[in-house]
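Structural overview for review
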Amino acid sequence: MQVAELELDDGGALRPGPGSPPVTHGEVFLLVRRGGRPVATLLGRVPEGADPRAVLTALARRHVSAGPETVPTGVTVPFTSVVIATRERADQLAHALDSMLAQDHPDFEIVVVDNAPVTDATRVLVERKYAERVRYVTEPVPGLAVAHNTGLAAARGDVVAFTDDDVVADPRWLTELTAPFAADPGLGCTTGLILPARLRTPAQVLLESHGGFAKGFTPRTYDPAGPPADEPLFPFTAGRFGSGANMAFRTGALRAVGGFDPATGAGTLARGGDDLYGFVRVLAQGHRLHYTPRALVWHHHRETWQDLETQAYGYGAGLTAYLTAILVNRPALLPAFLARLPRGLAHARTLTAVRDAKGSKDTEGAAGTEGTEGTEGTESVPGGHDDRGHPWPRRLSRLQRKGMAYGPIGYLRARRALRAASRVSVTSGVSGASGASGGVR
């Protein structure tokens with residue numbers, strides 16, 4: 001499946017997604033913009049011999065309301081630190097850094113955290129190509145949360161933004177992600193839109209059809225002082241707020257809660273959950289969280305079926321690992337958690353339900369399922385927020401549920417591993433973790 005973007009208010013300018021070839025005939029995952037702002041995703045099909053621009057412009061005009069959206073000028077944005085944690089992916093990191101240096105944000109710094117490196121490839125890349133604009137920091141203890149805490153400790157900005165080494169950021173990403181902090185002094189966190197950079201393999205299409213990382217095109221503010229009526233599990237369904245590839249925090253607010261739990265995240269036995277932990281901890285301190293679809297990054301999904309299986313298990317493990325971390329570090333939330341537990345279990349069953357392409361029960365899903373029944377318009381669009389009509393094969397459902405069962409165990413094992421690493425570091429006289437990671441709280 002091809003990935004492309006179309007500017008509806010500029011004569012239908014069409015261009016491929018980052019890393020994608022020029023659009024030809026066939027199925028197309030299309031981002032529609034108005035006035036440069038993302039407003040919708042559509043699924044279309046360009047017939048052989050047809051003009052892709054004409055076909056996709058007509059499709060967008062049928063499904064997206066016309067008329068330019070005013071883009072405000074002179075938006076106030078705070079000084080921001082962008083933290084990118086990476087491990088042995090210098091080629092992908094270079095694309096991410098190039099997109100960071102193309103940001104229209106007027107006042108920001110970039111910090112690359114090289115997490116438990118085994119080669120000097122990342123250091124060499126930064127020193128040779130980006131030394132004047134990028135700070136390089138190492139973190140010897142493996143784990144995404146530990147690496148993010150190292151970046152948090154190094155950050156000089158009033159706001160600290162986090163993204164991954166496998167994204168390409170839209171030029172207005174950082175401005176759109178950080179402007180809400182200037183408008184709302186009580187805001188503690190923002191998240192943004194994540195779309196697929198390419199959908200080249202069946203595994204990539206299936207992941208995006210399952211919801212990917214997209215949270216829709218409607219801005220939303222979550223306020224702990226006024227819990228949303230349509231979110232009965234608030235704030236524990238933190239996956240609805242956003243994802244770690246596109247998030248920012250008021251630096252003081254994140255530091256006040258101790259940063260991320262170092263026993264969570266990719267690279268630890270917990271497998272994930274570090275971003276969700278950060279969201280809930282900041283909300284629990286009384287800060288608001290704002291989701292804006294205007295802050296866009298393109299994410300390079302993993303390509304193989306084996307990768308997708310690993311992700312499915314990791315999603316399940318990260319979910320329950322973060323919940324365990326929250327209750328361990330903030331036991332005052334236990335009564336609220338227990339009150340929501342029955343609905344939470346029902347929600348987990350829904351998230352991991354086996355579905356065929358029409359949303360009914362699947363038999364034994366196959367690796368080649370692409371999950372795009374509709375050929376045009378908004379039905380079955382990959383990345384559709386809260387759409388439960390997408391396919392999800394039985395094997396992936398089982399792996400997700402196994403991950404959920406493992407998550408608390410993995411988190412507790414990760415805590416023990418950190419304690420052991422800390423003892424070894426003290427014994428050897430070498431500090432094993434940087435200042436903000438703080439060991440296990």
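Procedures and definitions
Residues numbered from 1 in each chain as written. Predicted model: local features only at pLDDT ≥ 70, side-chain atom pairs only at ≥ 80, totals over all residues. Heavy atoms only, no water. Helix = DSSP H or I, 4+ residues; strand = E, 2+ residues; numbered from the N terminus. Contact = heavy atoms within 4.5 Å. Areas by Shrake-Rupley, 256 points an atom, 1.4 Å probe, with all protein chains shown as cover. pLDDT = per-residue confidence, 0-100. Pairing = 2+ DSSP bridges. Axes fitted to C-alpha atoms, helices over the stretch in contact; angles between N-to-C directions. Phe/Tyr/Trp six-rings, centres within 6.5 Å; stacked < 30°, edge-to-face > 60°. Buried < 20%, exposed > 50% of the residue type's maximum accessible area, 1.4 Å probe, protein only. Lys NZ or Arg CZ within 6 Å of the ring centre and 35° of its normal. Patch = residues over 30% accessible without salt bridge, like charges linked within 9 Å, V, L, I, M, F, W, Y side chains within 5 Å. Salt bridge = Lys/Arg side-chain N within 4 Å of Asp/Glu carboxyl O. Core = buried A, V, L, I, M, F, W, Y, C linked by side-chain atoms within 4.5 Å.

Moving on, we get to the overall build of the protein chain. When its secondary structure is counted, the protein chain shows 11 helices and 13 strands. In the protein chain, the proportion of contacts linking residues at least 24 apart, taken out of those at least 6 apart, comes to 79%. On the protein chain, roughly 17900 Å² of surface is accessible, and the fraction owed to carbon and sulfur atoms is 54%.

Quick look at the confidence of the model for the protein chain now. The predicted coordinates of low-pLDDT regions are not to be read in fine detail. The pLDDT averaged across the protein chain works out to 86; a share of 85% of its residues lies at or above 70. With pLDDT under 50 throughout, residues 359-375 is counted as low confidence; its partners more than four residues away or in other chains account for 51 contacts. Note that residues 430-441 has pLDDT below 50 and, in this model, 29 contacts with residues that lie over four places away or in other chains.

Attention now moves to unusual backbone geometry. Of note, the bond from F234 into P235 is cis; its omega dihedral lies within 30 degrees of zero at 5°. Tracing the backbone through its elements, the reader meets P235 in the loop between β11 (220-222) and β12 (246-250). Phi at A116 takes a positive value of approximately 45°, unusual for a residue other than glycine. Residue position: A116 is located in the loop between β6 (108-115) and α3 (121-129). Notably, R271 is not glycine yet its phi reads approximately 80°, a positive angle. With respect to the helices and strands, the residue R271 is situated in the loop between α7 (251-256) and α8 (274-284).

Glancing now at the sheet that holds strand β3 (residues 26-34). Sheet architecture is open: 4 strands sit in the order β2-β1-β3-β4, paired in mixed fashion. The open sheet has two free edges, formed respectively by β2 (13-16) and β4 (37-46), since each of these has just one partner strand. Shown here is a sheet whose adjacent strand axes are inclined to one another by a mean of 25°, direction ignored. Sheet analysis places strand β1 (residues 2-7) next to β2, joined by 4 bridges and oriented antiparallel. Following the sheet pairing, A4 is matched in β2 by P16. In this fold helix α1 (residues 52-63) packs onto β1, β2, β3 and β4, with an angle of close to 125° to the strand it touches most, β4.

Considering all chains together, one arrives at 9 aromatic pairs under this definition. Plain terms: the ring middles of F162 and F260 are 5.3 Å apart, the flat faces sit at 85° to each other, and that makes the pair edge-to-face. Of this pair, F162 sits in strand β8 (residues 159-164) while F260 sits in the loop between α7 and α8; the two residues are 98 residues apart in sequence, bridging distant segments of the chain. Relative accessible area serves as the criterion here: at 0%, F260 is assigned to the buried category. Every member of this aromatic cluster is reached through a ring pair, and the members are F162, F249, F260 and F279. The side chain of R133 reaches across the aromatic face of F108, ending 5.5 Å from its centre.

Quick look at a nonpolar patch on the surface now. Side chains of L334, L338, L341 and L345 sit close together on the surface and give an oily, nonpolar patch of about 330 Å² of accessible area. Secondary-structure assignment places L334 in helix α10 (residues 334-351).

This part takes up the nonpolar core. Of all hydrophobic cores here, the largest spans 44 residues; its most connected members are V160, F162, F241, F249, L254, F279 and Y322. Contributing elements (two or more residues each) for this core: β5 (80-86), β6, α4 (144-154), β8, β12, α8, α9 (305-329) and α11 (394-428). When residues of this core are assigned to their parent elements, the largest contribution, 6 residues, is made by α8. Dropping the residues within four chain positions of it, V160 is found in contact with S81, V83, L152, A155, M247, A248, F249, T251 and L254.

Looking now at the pattern of salt bridges. In the structure shown here, the tally under the stated rule is 22 salt bridges. The closest approach of N and O atoms between R33 and E5, which form a salt bridge, is 2.6 Å. Taken as a pair, R33 in strand β3 and E5 in strand β1 lie far apart in primary sequence, 28 residues in all. This pair shows no difference in class: R33 is buried, exactly as E5 is.

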